[in-house]
Amino acid sequence: MHRFTIDRNKDRRDPRVLLHRSFYLSDLPRLMLACRLTGHRPVVDGYDSKYGPEEQRRARWVACDRCGVRPEPQGHLDPDEWNLGQPYTGPTVTARRLSPIVVKQLARKGITPRLQTEPGPWPARPEGSLGAELVIGRAHTIGAQIKVGNPGSEQVLAGHIGLGPLGALFVHSERFGTWVQRRLNPTGHQSRETGFSIFHGRLSWDLWAKRGEWNASDPKWMHGSVSIDPRDHLLGPTRNRKVSETEKVPAVVRMPEGDTHDVTVHLEQWETRRTRGRATTYWMAEWDCKAGIPVRNHDWKGDATYSCSWHIEGVTPDTDRWPHIIAAAAAEQCTRDRARYNYRAPSKEDA
Ligand SMILES: [Zn+2]
């Protein structure tokens, strides 16, 4: 058994995180009482997938139906001959897997051992691992979730609970929990998640949903979300709409490198309100440069152009010189982008 921990807060110390640490217990012996008493129950395990290279879309190996332990080697059966879940009645070999050292020695002589198709003997001392990650202090999630892995998952079971400003706990198992995985998710290549999370005033849930995948054909109960912001129910949802805008006015953007660019600028007035609430309005500044202001050097497609709109506070048509303020803000924005992309202005000889 090995035990170790990793301090996750060491490199990016966040004062709101008091502790962020991972814990691992690996090579723990597995109990598997029933299998020790009555022997393993070999079945065909594996997956059928729609993805990946043709020859890797289907795989078959042998595992114990009860504890999930696989023989060593696990075997490499013909998917046309063996169905997932059927009892394995085929031959087994007594030869153990070649050690990595022997494989290397053979490779040096130019010999690649044939992939062993038949499963080997059961491991004498099956082992598994457990892991956890604990955050005390600010965590980025509020919610809880349980994952049941698929036959190919490294993490058989996993779960987490997030308490926002208080912290979070993540746990997972490797090899342990295979009995549960084999009962609930014995075939396929997809892990399943069940849980809920709260984010930006909405409660979202997943019920036995495929991990990292969402399809329009999924049943309704599988995913969903509902607003838990009382204002949404009392006052109705928030909507934004454009109320008015100024005409487009010419202006000049002067860059620190000395180049100038003709642009047009204008202001848009937007209103945000709930169905039964008070409206608030704000102004958005927009600038547009037909030719574009270069901020980045490209060898293959010329220098990149730029055009954008953003929220500048305090600029309204009542401010006399608003076109100049927007032009100055555009120059600042482009200067920041030039710095980010390490832009080199064309030299006199190039021009
Ligand atoms: Zn077993």
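Treat the numbers as computed from the prediction; the structure is a model and nothing was measured.

A. Region of the structure containing the pattern of salt bridges. Evaluated as defined, the whole model comprises 21 salt bridges. Asp-65 serves as the salt-bridge partner of Arg-182, at 3.2 Å between the closest nitrogen and oxygen. You can see Arg-182 sitting in helix 3 (residues 178-184) and its partner Asp-65 sitting in the loop between strand 4 (58-64) and helix 2 (100-108), a full 117 residues away along the chain. Across this residue pair, the class does not change: Arg-182 and Asp-65 are buried. Arg-338 serves as the salt-bridge partner of Asp-259, at 2.8 Å between the closest nitrogen and oxygen. Residue Asp-259 is found in the loop between strand 13 (249-254) and strand 14 (260-274), and its partner Arg-338 is found in helix 5 (residues 322-340); the two are separated by 79 residues along the sequence. A residue is classified by how much of its surface remains accessible, and Asp-259, at 23% relative accessible area, is partly exposed. Residue class for Arg-338 comes out buried when judged on its relative accessible area of 3%.

B. Structural view of a nonpolar patch on the surface. A contiguous nonpolar surface patch, about 680 Å² in accessible area, is contributed by Ile-142, Phe-196, Ile-198, Trp-205, Leu-207, Trp-221, Val-226 and Ile-228. Mapped by element, the contributors of at least two residues to the nonpolar patch are strand 9 (192-199) and strand 10 (202-210). Residue placement: Trp-205 occurs in strand 10.

Rules and cut-offs
Residues numbered from 1 in each chain as written. Predicted model: local features only at pLDDT ≥ 70, side-chain atom pairs only at ≥ 80, totals over all residues. Heavy atoms only, no water. Salt bridge = Lys/Arg side-chain N within 4 Å of Asp/Glu carboxyl O. Helix = DSSP H or I, 4+ residues; strand = E, 2+ residues; numbered from the N terminus. Buried < 20%, exposed > 50% of the residue type's maximum accessible area, 1.4 Å probe, protein only. Patch = residues over 30% accessible without salt bridge, like charges linked within 9 Å, V, L, I, M, F, W, Y side chains within 5 Å. Areas by Shrake-Rupley, 256 points an atom, 1.4 Å probe, with all protein chains shown as cover.

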